[in-house]
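Examination of the molecular architecture
Residue strings, one per chain:
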Amino acid sequence: MQTNPVDRVKRSLGRSLHQGDVFDTFYRIFLDSDPRIREQFTETDWEEQKRLLRQGVNNVIGFYEGSATGRSALSRIRQTHCRERMDISPELYDYWVESMIKAVQRLDPDFDPTLEQSWRDVLRYGTEFVKAGYEQ
């Protein structure tokens with residue numbers, strides 16, 4: 001039975017959460033991926049940050065599905081992460097995508113190349129939207 005990328009990603013996220021703290025795993029990978037990233041998180045409440053990440057990943061999935069809630073949430077992130085506000089450089093989103101994929105790969109026992117491509121498609125769709133607002 002053929003499933004769409006969103007269904008595969010949702011099931012994968014569920015399996016990853018069942019195996020461990022995928023969001024904690026993500027941050028351990030993400031913070032080490034580029035020195036500029038660690039600088040963004042010097043005074044972070046990590047429990048709140050992981051909650052926001054979980055919400056953010058769900059919003060990216062919703063955005064990919066075309067939900068108004070997902071679009072609204074990513075529009076807010078796009079506005080707050082632009083050059084004039086948080087100044088999150090567009091290239092850092094590539095580290096975000098790679099770190100999320102590595103975290104899921106470590107925790108999802110069913111991770112395979114097809115699933116990896118589904119994650120890439122879903123995450124990049126959202127991050128490309130956010131990145132496009134950097135100069136606005």
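Description of the structure in this document. The structure displayed is predicted, hence computed values, not measured ones.

**Examining unusual backbone geometry**
With phi around 55 degrees, Asp87 is a residue other than glycine that occupies positive phi space. The topology assignment puts Asp87 in the loop between α5 (68-80) and α6 (92-107).

**Concerning the side chain of Arg120**
Relative to the helices and strands, Arg120 resides in helix α7 (residues 113-131). Among all residues touching Arg120, those that are not within four sequence positions of it are Val97, Glu98 and Ile101.

**Describing the packing of helix α1 (residues 5-19) against α7**
At a closest axis distance of 9 Å, the pairing of α1 and α7 adopts a crossing angle of 105 degrees. Regarding the angle of α1 to α7, the classification is roughly perpendicular. Side by side, α1 and α7 meet where Pro5, Val6, Arg8, Val9, Ser12, Leu13 and Arg15 of the first sit next to Thr114, Leu115, Ser118, Trp119 and Val122 of the second. Classifying every residue of the contact of α1 with α7 by side-chain character gives seven nonpolar, three polar and two charged.

**Quick notes on the pattern of salt bridges**
A full pass over the atoms with the stated rule returns 17 salt bridges. In this structure, Arg38 engages Asp32 in a salt bridge whose closest nitrogen and oxygen atoms are separated by 2.6 Å. The closest approach of N and O atoms between Glu128 and Lys131, which form a salt bridge, is 3.1 Å. Taken together, the residues span about one helical turn, with Glu128 and Lys131 both in helix α7 at a distance of three residues. With relative accessibility at 42%, the residue Glu128 sits in the partly exposed group.

**A short note on the environment of Trp46**
As for its placement among the helices and strands, Trp46 is situated in helix α4 (residues 46-65). Under the relative-accessibility criterion, Trp46 is labelled partly exposed at 31%. Residues Trp46 and Phe23, spaced 23 residues apart in sequence, show a C-alpha to C-alpha distance of 10 Å. If we ignore the near neighbours within four places in the chain, the residues touching Trp46 are Tyr27, Leu31 and Phe41.

**Remarks on the nonpolar core**
Formed by 35 residues in total, the largest nonpolar core has its most connected members in Val22, Phe26, Val57, Trp96, Met100, Trp119 and Leu123. Sorting the residues of this core by element identifies α1, α2 (22-31), α4, α6 and α7 as the ones contributing at least two each. When residues of this core are assigned to their parent elements, the largest contribution, nine residues, is made by α6. With near-sequence residues (within four places) excluded, Trp96 lies in contact with Phe26, Phe30, Leu53, Val57, Val60, Leu123 and Thr127.

What counts and how
Residues numbered from 1 in each chain as written. Predicted model: local features only at pLDDT ≥ 70, side-chain atom pairs only at ≥ 80, totals over all residues. Heavy atoms only, no water. Helix = DSSP H or I, 4+ residues; strand = E, 2+ residues; numbered from the N terminus. Contact = heavy atoms within 4.5 Å. Axes fitted to C-alpha atoms, helices over the stretch in contact; angles between N-to-C directions. Parallel < 35°, antiparallel > 145°, perpendicular 65-115°, else oblique. Nonpolar A, V, L, I, M, F, W, Y, C, P; charged D, E, K, R; others polar. Salt bridge = Lys/Arg side-chain N within 4 Å of Asp/Glu carboxyl O. Buried < 20%, exposed > 50% of the residue type's maximum accessible area, 1.4 Å probe, protein only. Core = buried A, V, L, I, M, F, W, Y, C linked by side-chain atoms within 4.5 Å.

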